[in-house]
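Observations on the model geometry
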Amino acid sequence: MRCALNSIFATLVLVGGTVTAFADSVKSDYDHGADFSKFHTYSWGKVGTANPFYVDRIKQGVDKQLQAKGWRLVPSGGDATIFATDRVHNEKEMETMYDGMGGGWGGGWGWGGWGWGGGGGLMGDETTTTVNQRVGKLVVDIFETGSKKLLWRGSSSADLSNNSSKNTKDLDKDIAKMLKDFPPKGGKS
């Protein structure tokens, strides 16, 4: 029984840590004085990516979200101009593996080694290694075409997989999250 409880606890700790480590970070901000109700068309400016296949993928993801909100793509001279750029870099991440879970019920209240009383170590032996994780960051900017004033910025940062289909699916989800509350309700709109 004690071994089963330790295994369940270890699984929860490892799965919980994995979920937060791979969660995407999506943010957006905007000019609170801009009147977004006057913007109905957009054109594309430059899209710079480390992988040329992602130029069209980024455009398609943004187009899908903006067109669902009533904006219309025009070849040039739209009310707004969109630029996008990505950056891929390696980040060092620490991975710790535990064995000989130790601890468990007994010796006092709660898990051994936690709370009052107890005895024995919590995690037993541990091994920590450093690995390089590829991380991608996407920034999408929307400018007012006439004044060239920045109206809105969205960004996403995520760990990248070696599977391009998974990365494309994650890109689409991140763009959808980025533009979920677009156009902003604050400001003059």
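Residues numbered from 1 in each chain as written. Predicted model: local features only at pLDDT ≥ 70, side-chain atom pairs only at ≥ 80, totals over all residues. Heavy atoms only, no water.

**A short note on the pattern of salt bridges**
The full count for this structure, using the stated rule, is 4 salt bridges. Residues Asp170 and Lys166 are paired through a salt bridge, measuring 2.8 Å at the closest nitrogen-oxygen approach. Here Lys166 and Asp170 lie together in helix H3 (residues 164-178), a separation of 4 residues that amounts to about one turn. Here Asp170 falls in the buried class, since its relative accessible area comes to 16%. (Salt bridge = Lys/Arg side-chain N within 4 Å of Asp/Glu carboxyl O. Helix = DSSP H or I, 4+ residues; strand = E, 2+ residues; numbered from the N terminus. Buried < 20%, exposed > 50% of the residue type's maximum accessible area, 1.4 Å probe, protein only.)

**Section: the layout of surface pockets**
Roughly 430 Å³ of volume is contained in the largest pocket. As for the largest pocket, its lining consists of 24 residues, of which Tyr54, Val88, Gly136, Leu160 and Asn167 are closest to the centre. If you list the elements that add at least two residues to the lining of the largest pocket, you get helix H2 (53-68), strand S4 (80-99), strand S5 (125-144), strand S6 (150-159) and H3. In terms of residue count, the dominant contributor to the lining of the largest pocket is H3 (5 residues). Counted by class, the lining of the largest pocket contains 8 nonpolar, 8 polar and 8 charged residues. (1 Å grid on protein atoms, 1.4 Å probe; cavity = no way out; pocket = protein on both sides within 12 Å on 5 of 7 lines; lining within 4 Å. Points joined across faces, edges and corners; volume = space filled by probe spheres on them. Nonpolar A, V, L, I, M, F, W, Y, C, P; charged D, E, K, R; others polar.)

**Digging into the packing of aromatic side chains**
Tallying each qualifying case throughout the model produces 8 aromatic pairs. Between Phe36 and Phe39, the ring centres sit 6.2 Å apart and the planes meet at 55 degrees, which makes this aromatic pair tilted. This pair shows no difference in class: Phe36 is buried, exactly as Phe39 is. Measuring from ring centre to ring centre gives 5.5 Å for Trp152 and Phe182, while their planes differ by 75 degrees; the resulting arrangement is edge-to-face. Placement of Trp152 in strand S6 and of Phe182 in the segment after H3 is noted, with a sequence separation of 30 residues between them. The pair Trp152 / Phe182 is uniform in exposure class, with both members buried. Among the aromatic residues, those joined into a cluster by ring pairs are Tyr30, Phe36, Phe39, Tyr42, Trp71, Trp152 and Phe182. (Phe/Tyr/Trp six-rings, centres within 6.5 Å; stacked < 30°, edge-to-face > 60°.)

**Some remarks on unusual backbone geometry**
Geometrically, the link from Phe182 to Pro183 is a cis peptide bond, its omega value of -5 degrees lying close to zero. Along the chain, Pro183 falls in the segment after H3. Phi at Lys148 is positive, roughly 60 degrees, even though this residue is not glycine.

**Comments concerning the packing of H2 against H3**
Between H2 and H3, the shortest axis-to-axis distance is 9 Å and the interhelical angle comes to 35 degrees. Crossing handedness for the pair H2 and H3: right-handed. Listed contacts from H3 to Tyr54, Arg57, Ile58, Gly61, Val62 and Gln65 of H2 are Ser164, Asn167, Thr168, Leu171, Asp172, Ile175 and Ala176. For the contact of H2 with H3, the class distribution of residues is 6 nonpolar, 5 polar and 2 charged. (Axes fitted to C-alpha atoms, helices over the stretch in contact; angles between N-to-C directions. Left-handed = near helix turned anticlockwise from the far one by under 90°. Contact = heavy atoms within 4.5 Å.)

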